[in-house]
Amino acid sequence: MVEQTQPDSTLPHRPYRGVLAVQVIALVLLVGASLLGQFALFLEVPLCVAAMAAFTIFWPFRGTWTDRVLGVLAGLISLVFALNALGSGTLYPSLNANDALTIVATPLIHWACVYVMLLALFTVIGFARQMARKERTDLLRSLSQSLTGVVAMASMPGWLFVVVAASCVSFTGPGTWVAIVVSVIALALMVLMVIASRFWLKDFDPDPAVPAPWVGIALLPVMLLGLVAFAATLALLLCQYGPIFVD
């Protein structure tokens, strides 16, 4: 008589349809909200905060609450500086901007500097935490997962800058075709990230105590795509106001 093996009840449920639904809904809301003109930020900000809160609750990595707190801290700092860059800019030194490209891209330049400093700072903190451990088993995995959470949280506010492209880029003039190519590349990267998440879903190893960690995996590419949205916005501004494309 052949014994039937029972499924491992400790493994998390991994519904790919649910993951795909979360990603499609999130991306449609983020892109759609950016097209609403002067009301865009009023929707983009709550969406970013909701995504970061859900990612923290449904944390898709093994680790301690310290990892989540560091991620939340990185996300909040990034969000505050992104909003300030798009608003008064009082947290940044003034730039002597004389040309249209620098004036329009100033918020993006400011936030990019903060983003790089955040990554450097939290990388040092993460490495120091791992070195302080008495037992350094799975050091690389623990460090990479902690930093991935930080990068995802810090990248999410990059979606706010799509508002700049939506209000300043007209897709007319000499740089039109280049702008279209940039948009197509950005959309292709979104599709690739969504496809990649299917493989992440098979391999991820979350904390068994976390409820529905697949939601965190679903949100991970959406949050990382904030950096793609930021880069695409900067490229579109270059197509619109760059010296090569300006008549």
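Residues numbered from 1 in each chain as written. Predicted model: local features only at pLDDT ≥ 70, side-chain atom pairs only at ≥ 80, totals over all residues. Heavy atoms only, no water.

Chemist: How would you sum up the packing of helix α2 (residues 40-57) against helix α3 (residues 65-86)? Please name residues and give values.
Modeler: Taken N-terminus to C-terminus, the directions of α2 and α3 make an angle of 170 degrees; their axes are 10 Å apart at the nearest point. Overall, the two elements α2 and α3 adopt an arrangement that is roughly antiparallel. In contact with Leu41, Val45, Val49, Met52, Thr56 and Ile57 of α2, α3 contributes Arg68, Val72, Gly75, Leu79, Leu83 and Leu86. (Axes fitted to C-alpha atoms, helices over the stretch in contact; angles between N-to-C directions. Helix = DSSP H or I, 4+ residues; strand = E, 2+ residues; numbered from the N terminus. Parallel < 35°, antiparallel > 145°, perpendicular 65-115°, else oblique. Contact = heavy atoms within 4.5 Å.)

Chemist: Quick rundown of helix α7 (residues 176-203)? Include the residues and the values.
Modeler: With 28 residues, α7 ought to run about 40 Å at 1.5 Å a step, and its terminal C-alpha atoms sit 41 Å apart, in line with that. Burial in α7 covers these residues: Thr176, Ala179, Val182, Ala186, Met190, Met193, Val194, Ser197 and Leu201. Packed against the buried residues of α7 are α1 (16-33) and α8 (214-241). (Expected span 1.5 Å × (residues − 1). Buried < 20%, exposed > 50% of the residue type's maximum accessible area, 1.4 Å probe, protein only.)

Chemist: Run through the pattern of salt bridges, naming residues and quoting values.
Modeler: Summed over all chains, the structure comprises one salt bridge. For Asp67, the salt bridge is made with Arg129, and the minimal N-O distance between the two is 2.7 Å. Placement of Asp67 in helix α3 and of Arg129 in helix α4 (residues 100-132) is noted, with a sequence separation of 62 residues between them. (Salt bridge = Lys/Arg side-chain N within 4 Å of Asp/Glu carboxyl O.)

Chemist: Lay out the confidence of the model for the protein in plain terms, naming residues and giving numbers.
Modeler: Counting all residues, the mean pLDDT for the protein is 84, and 87% of those residues have values of 70 or more. When the elements of the protein are averaged for pLDDT, helix α6 (residues 162-168) gives the smallest value, 81, and α2 the largest, 94. (pLDDT = per-residue confidence, 0-100.)

Chemist: Can you explain the packing of aromatic side chains? Please cite residues and give values.
Modeler: Overall, the coordinates contain eight aromatic pairs when judged by the stated rule. Arranged with centres 5.7 Å apart and planes meeting at 75 degrees, the rings of Phe81 and Tyr92 form a pair that is edge-to-face. Residue Phe81 is located in helix α3, and its partner Tyr92 is located in the loop between α3 and α4; the two are separated by 11 residues in the primary sequence. Arranged with centres 5.2 Å apart and planes meeting at 40 degrees, the rings of Trp111 and Tyr115 form a pair that is tilted. (Phe/Tyr/Trp six-rings, centres within 6.5 Å; stacked < 30°, edge-to-face > 60°.)

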